[in-house]
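Notes for the structure review
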Amino acid sequence: MTTSTKAAPDETEQELPRIIRAMAVVEKAGNALPNPFWLFWILAGILGILSAILAGADVSVVSPSDHKSVAVRNLFSGDGLAMALSTAIDNFATFPPMATIVVVIMGVAVAERTGFLAAVMKVGVSRVPASAVVFAVAFLGTVSHVASAAAYIILVPLGGLAFRAVGRSPILGIVVAYTSIASGYDASPIPTPNDTIFAGITTSAARIIDKDVTVSAVSNWFFNIASSLLLATVITLVTRWVLAKRPDLDPDPDIDLEDIGDLHLSDRERSAVRAACLTLLGLLVVLAAVVIPSGSPLRGEHGSIAESPFLDGIAFVIAILFGATGMVYGLRTGVLKGVGDTPRLMAEGIRQMAPVLVLFFAIAQFLAYFDWTHLGDVMSVKAADVLDQANVPAPIVFLMVLALLSVVNVLVTSGSAMWSIAAPVLVPTLMLLSVPPETTQAIFRIADSGSTAITPMSPYFIMALGFLQRYRKKAGIGTLASYTLPLAVAMTVTWTLLFFVWWALGIPLGPGAPVR
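Residues numbered from 1 in each chain as written. Predicted model: local features only at pLDDT ≥ 70, side-chain atom pairs only at ≥ 80, totals over all residues. Heavy atoms only, no water.

Let us now look at the overall build of the protein chain. For the protein chain, the helix and strand inventory stands at 22 helices and two strands. Out of the 516 residues belonging to the protein chain, those deemed buried represent 51%. Pairs at least 24 residues apart make up 80% of the contacts formed inside the protein chain by residues separated by at least 6 positions. Accessible surface for the protein chain amounts to roughly 22,100 Å². Of this, 66% is attributable to carbon and sulfur atoms. (Helix = DSSP H or I, 4+ residues; strand = E, 2+ residues; numbered from the N terminus. Buried < 20%, exposed > 50% of the residue type's maximum accessible area, 1.4 Å probe, protein only. Contact = heavy atoms within 4.5 Å. Areas by Shrake-Rupley, 256 points an atom, 1.4 Å probe, with all protein chains shown as cover.)

Shown next as structure tokens:
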């Protein structure tokens with residue numbers, strides 16, 4: 001697979017000169033950024049300088065939680081250095097997403113590495129009529145996020161195969177699959193590892209204002225389900241009305257399509273998929289039978305689901321569901337010789353997460369320093385006061401936050417890194433304006449997804465370009481961007497409109513998560 005980013009002179013780069021020039025600037029600026037691990041240590045240094053200046057100026061605010069005066073503390077003071085050294089291990093060990101993401105990944109890794117997730121995706125895109133193939137691939141793109149980064153590797157080439165199988169352009173299939181994953185990345189109707197990461201970061205930020213706040217991994221679940229259906233519909237309409245009318249959808253005439261693969265599953269694989277799906281169905285029935293009764297031990301006080309042991313342990317439940325279905329599939333196909341092979345797949349999944357865990361160490365320290373200096377309290381209270389005194393309507397505040405995060409997302413394509421930087425300020429600020437942390441997180445989801453399909457800073461953009469070049473050898477960055485741009489813009493606009501309708505109607509974002 002080649003990843004050349006140069007296109008022929010007659011390619012679509014000439015059709016979008018301003019966009020390509022802008023993207024070149026973005027790529028250069030993004031490449032100048034350090035690795036996210038070092039970025040957070042640099043931010044910690046900047047935080048130390050700011051805290052020293054503000055502490056020297058005796059800057060303080062009245063805490064809205066207990067109405068006591070809170071002054072900025074100098075991170076570079078003796079107390080600050082002692083705190084940084086003595087709490088480093090605890091900061092990492094107690095970082096909210098840390099244990100949760102490891103548990104979820106152990107289960108998802110079994111389903112992914114036995115081939116179950118890939119098989120399900122093949123079934124999902126191979127058994128639909130030609131008229132529904134766009135919606136099927138687009139919706140599967142939002143569902144595929146349970147496989148995290150593997151979604152790109154599995155579904156993007158499958159999109160091309162699915163479109164080719166029904167007589168449509170495989171280039172269009174690549175574009176639809178990639179854009180549905182990239183620009184709909186945070187809209188999965190099934191809880192994903194990302195949900196646990198975002199919820200943990202949001203919880204840490206919200207506790208700057210209220211120490212008792214806990215944001216669950218399913219706090220945006222209802223909104224995510226509606227979002228995935230909406231985005232799949234938007235992709236279907238834009239593909240039909242705009243992209244399908246382009247004259248440059250045919251593969252190169254000398255491409256050997258037989259070498260690219262097919263959607264075929266063996267009889268053994270189909271049988272294994274059925275067995276795994278029946279296992280999943282059985283587990284869901286048992287889970288419902290245990291949780292639904294009002295006297296269930298998995299319910300909370302007064303029979304509450306919103307605050308209950310069930311939601312507290314939702315990450316473990318997700319891990320069990322994925323792990324069990326993956327085991328059944330693996331045992332039926334022979335990928336697993338016995339249940340004793342399962343821990344090996346879990347360990348492989350955790351090894352794949354090693355770069356994220358290393359990043360978590362830096363993020364955990366930065367957030368702990370931010371909390372100790374009280375800079376978050378000061379910035380949040382001051383920003384909330386300015387917005388309150390200016391009487392800025394909530395929808396305008398939401399649009400400002402969305403625009404800010406969308407710009408940052410073009411350069412910092414790691415969702416966990418971007419949210420770790422933004423959440424400690426945005427979540428408390430909006431909480432002081434009576435906006436729940438779950439609502440701020442929902443806005444972040446839109447911004448974190450929208451521009452991902454068009455930014456060359458995303459490694460998956462280059463990966464998708466490589467898949468596209470299987471069908472068109474001279475395709476470049478501008479080629480892929482010109483295909484994904486209409487979809488990404490339409491998805492961001494309609495997703496934003498959905499959020500405002502959701503907020504206006506006061507529909508809960510998830511179990512126990514009011515939107516306002």
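Next, the rest of the story.
Overall, the predicted model of the protein chain reaches an average pLDDT of 81, with 87% of residues at or above 70. This model gives residues 1–17 a pLDDT under 50, and the stretch forms 39 contacts once residues within four places in sequence are excluded. (pLDDT = per-residue confidence, 0-100.)

It is worth spelling out unusual backbone geometry at this point. One non-glycine residue, H374, lies in the positive phi region at around 65°. Tracing the chain through its elements places H374 in the loop between α16 (354–373) and α17 (375–389). You can call H374 partly exposed: its relative accessible area is 21%. We note that S434 has phi near 70°; this positive angle belongs to a residue other than glycine. Looking at the secondary structure, you find S434 in the loop between α19 (415–432) and α20 (437–450). Using a relative accessible area of 60% as the deciding quantity, one classes S434 as exposed.

With that settled, consider the nonpolar core. Most often, soluble globular proteins have nonpolar side chains that are buried together. Ranked by size, the top nonpolar core spans 119 residues in total, and within it Y178, F223 and W419 carry the most contacts. With 13 residues, helix α22 (residues 477–505) is the single largest residue contributor to this core. Not counting residues within four places of it along the chain, the set of residues in contact with F223 comprises A442, I446, W495, L498, F499, W502 and L509. V108, L117, V273 and F310 belong to the second-largest nonpolar core, a separate cluster that totals 22 residues. (Core = buried A, V, L, I, M, F, W, Y, C linked by side-chain atoms within 4.5 Å.)

Right, let's get into the environment of L357. Take L357: it is sitting in helix α16. Classification of L357 by relative accessible area gives buried; the value is 16%. With near-sequence residues (within four places) excluded, L357 lies in contact with F92, M98, I101, V102 and I350.

A separate point is the side chain of Q365. Tracing the backbone shows Q365 in helix α16. Overall, Q365 belongs to the buried group, its relative accessible area being 0%. Not counting residues within four places of it along the chain, the set of residues in contact with Q365 comprises W41, A88, N91 and F92.

A separate point is the packing of aromatic side chains. For the structure shown, the criterion picks out 18 aromatic pairs. Between the aromatic rings of W41 and F361, the centroid separation amounts to 6.3 Å while the plane-to-plane angle is 50°, which identifies the pairing as tilted. Within this pair, whereas W41 is found in helix α2 (residues 36–56), its partner F361 is found in helix α16, the two being separated by 320 residues in sequence. Arranged with centres 5.3 Å apart and planes meeting at 80°, the rings of F92 and F361 form a pair that is edge-to-face. Within this pair, whereas F92 is found in helix α4 (residues 88–93), its partner F361 is found in helix α16, the two being separated by 269 residues in sequence. What makes F361 partly exposed here is its relative accessible area of 27%. Taken together, the ring pairs in this structure connect F223, F398, F499, F500, W502 and W503 into an aromatic cluster. Just above the ring of Y483 sits the side chain of R246; from NZ or CZ to the centre is 4.1 Å. (Phe/Tyr/Trp six-rings, centres within 6.5 Å; stacked < 30°, edge-to-face > 60°. Lys NZ or Arg CZ within 6 Å of the ring centre and 35° of its normal.)

Together, F135, W221, F222, I225 and L229 give the surface a local cluster of nonpolar side chains, amounting to about 390 Å² of exposed area. Counting residues per element, the nonpolar patch draws most heavily on helix α11 (residues 221–241), at four residues. Tracing the backbone through its elements, the reader meets F222 in helix α11. With a relative accessible area of 34%, F222 lands in the partly exposed category. (Patch = residues over 30% accessible without salt bridge, like charges linked within 9 Å, V, L, I, M, F, W, Y side chains within 5 Å. Salt bridge = Lys/Arg side-chain N within 4 Å of Asp/Glu carboxyl O.)

Taking 1.5 Å of rise per residue, the 13 residues of helix α9 (residues 170–182) would be expected to cover 18 Å, and the 18 Å separating its terminal C-alpha atoms lies within 8% of that figure. For α9, the tally of buried residues reaches 13 of 13 residues, placing the bulk of the element in the interior. Its side-chain oxygen at 3.2 Å from the backbone nitrogen of I171, S169 defines the N-terminal cap of α9. (Expected span 1.5 Å × (residues − 1). Polar contact = N/O pair within 3.5 Å; in protein donor to acceptor, adjacent residues only side chain to side chain.)

So, about the pattern of salt bridges. Taken as a whole and assessed by the stated rule, the structure comprises five salt bridges. With a closest N to O distance of 2.8 Å, R445 and D195 form a salt bridge. With a gap of 250 residues between them, R445 in helix α20 and D195 in helix α10 (residues 193–206) connect regions that are remote in the sequence. Under the relative-accessibility criterion, R445 is labelled buried at 1%. Between R270 and D267 there is a salt bridge; the shortest N-O distance is 2.1 Å. Here the residue R270 and the residue D267 both occupy positions in helix α12 (residues 267–291), the gap between them amounting to three residues, near one helical turn. Because the salt bridges share partners, they merge into one network encompassing R113, R344 and E348.

Attention now goes to the packing of α20 against α22. In contact at an axis separation of 9 Å, α20 and α22 are set at 170° when each is read in the N-to-C sense. Compared by their axis directions, α20 and α22 come out roughly antiparallel. Across the interface between the two elements, T439, A442, I443, R445, I446, S449 and G450 from α20 touch A488, T492, W495, T496 and F499 from α22. Looking at the contact of α20 with α22 residue by residue, the classes come out as six nonpolar, five polar and one charged. (Axes fitted to C-alpha atoms, helices over the stretch in contact; angles between N-to-C directions. Parallel < 35°, antiparallel > 145°, perpendicular 65-115°, else oblique. Nonpolar A, V, L, I, M, F, W, Y, C, P; charged D, E, K, R; others polar.)

This next bit is on the side chain of T440. As for its placement among the helices and strands, T440 is situated in helix α20. Sequence-distant contacts of T440, defined by excluding residues within four places in its chain, comprise W419, L426, V427, L430 and V435.

What follows concerns the environment of G80. Tracing the backbone shows G80 in helix α3 (residues 78–86). Residue G80 is classed as buried on the basis of its relative accessible area of 0%. Separated by 293 residues in sequence, G80 and T373 have C-alpha atoms that sit 8.1 Å apart. If we ignore the near neighbours within four places in the chain, the residues touching G80 are N74, L75 and W372.

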